[in-house]
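# Notes for the structure review
Chain residues, written in single-letter form:
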Amino acid sequence: RQLMEQAGWLSGQKVQVVNVNTGGRFETYLIEGRAGSGAACLNGAAARLAQVGDKLLVMAYVLLDQQEARQFQPQIIHVDERNQPLDPAPVPHLHA
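Residues numbered from 1 in each chain as written. Predicted model: local features only at pLDDT ≥ 70, side-chain atom pairs only at ≥ 80, totals over all residues. Heavy atoms only, no water.

### A look at the environment of glycine 24
When you line up the elements, glycine 24 lands in the loop between strand 1 (14-19) and strand 2 (25-29). We classify glycine 24 as partly exposed; its relative accessible area is 27%. Here the alpha-carbon distance between glycine 24 and leucine 56, two residues 32 residues apart in the chain, equals 9.8 Å. When near neighbours in sequence (up to four residues on either side) are disregarded, glycine 24 contacts Val17, Val18 and Asn19. (Helix = DSSP H or I, 4+ residues; strand = E, 2+ residues; numbered from the N terminus. Buried < 20%, exposed > 50% of the residue type's maximum accessible area, 1.4 Å probe, protein only. Contact = heavy atoms within 4.5 Å.)

### Description of the pattern of salt bridges
Under the criterion given, the structure shown has three salt bridges. For glutamate 27, the salt bridge is made with lysine 14, and the minimal N-O distance between the two is 3.3 Å. Of this pair, glutamate 27 sits in strand 2 while lysine 14 sits in strand 1; the two residues are 13 residues apart in sequence, bridging distant segments of the chain. No difference in accessibility class separates glutamate 27 from lysine 14, as the two residues are exposed. Measuring nitrogen to oxygen at the nearest pair gives 3.7 Å for the salt bridge that ties arginine 82 to aspartate 80. Using a relative accessible area of 52% as the deciding quantity, one classes arginine 82 as exposed. (Salt bridge = Lys/Arg side-chain N within 4 Å of Asp/Glu carboxyl O.)

As structure tokens, this is what we get:
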């Protein structure tokens, strides 16, 4: 739950997951877990697409008009090996 709150994500929100170890990509939805647990669990069919210890990137997308897109700053959260947020997380500057 802590990571979802930090990213501004909602339970049930659609996300894309990239398995860095295998290169595989899939879409799923978020289920809120226990706050501070660091649990990142895959359920159902998605559970067959990663192994314990795989590095995963979880991404959500937003549709913006051109003006909104110029002002948009993504939330990038880096975590340690226990899925606890690193502070401060480096955020690249995307707009000139």
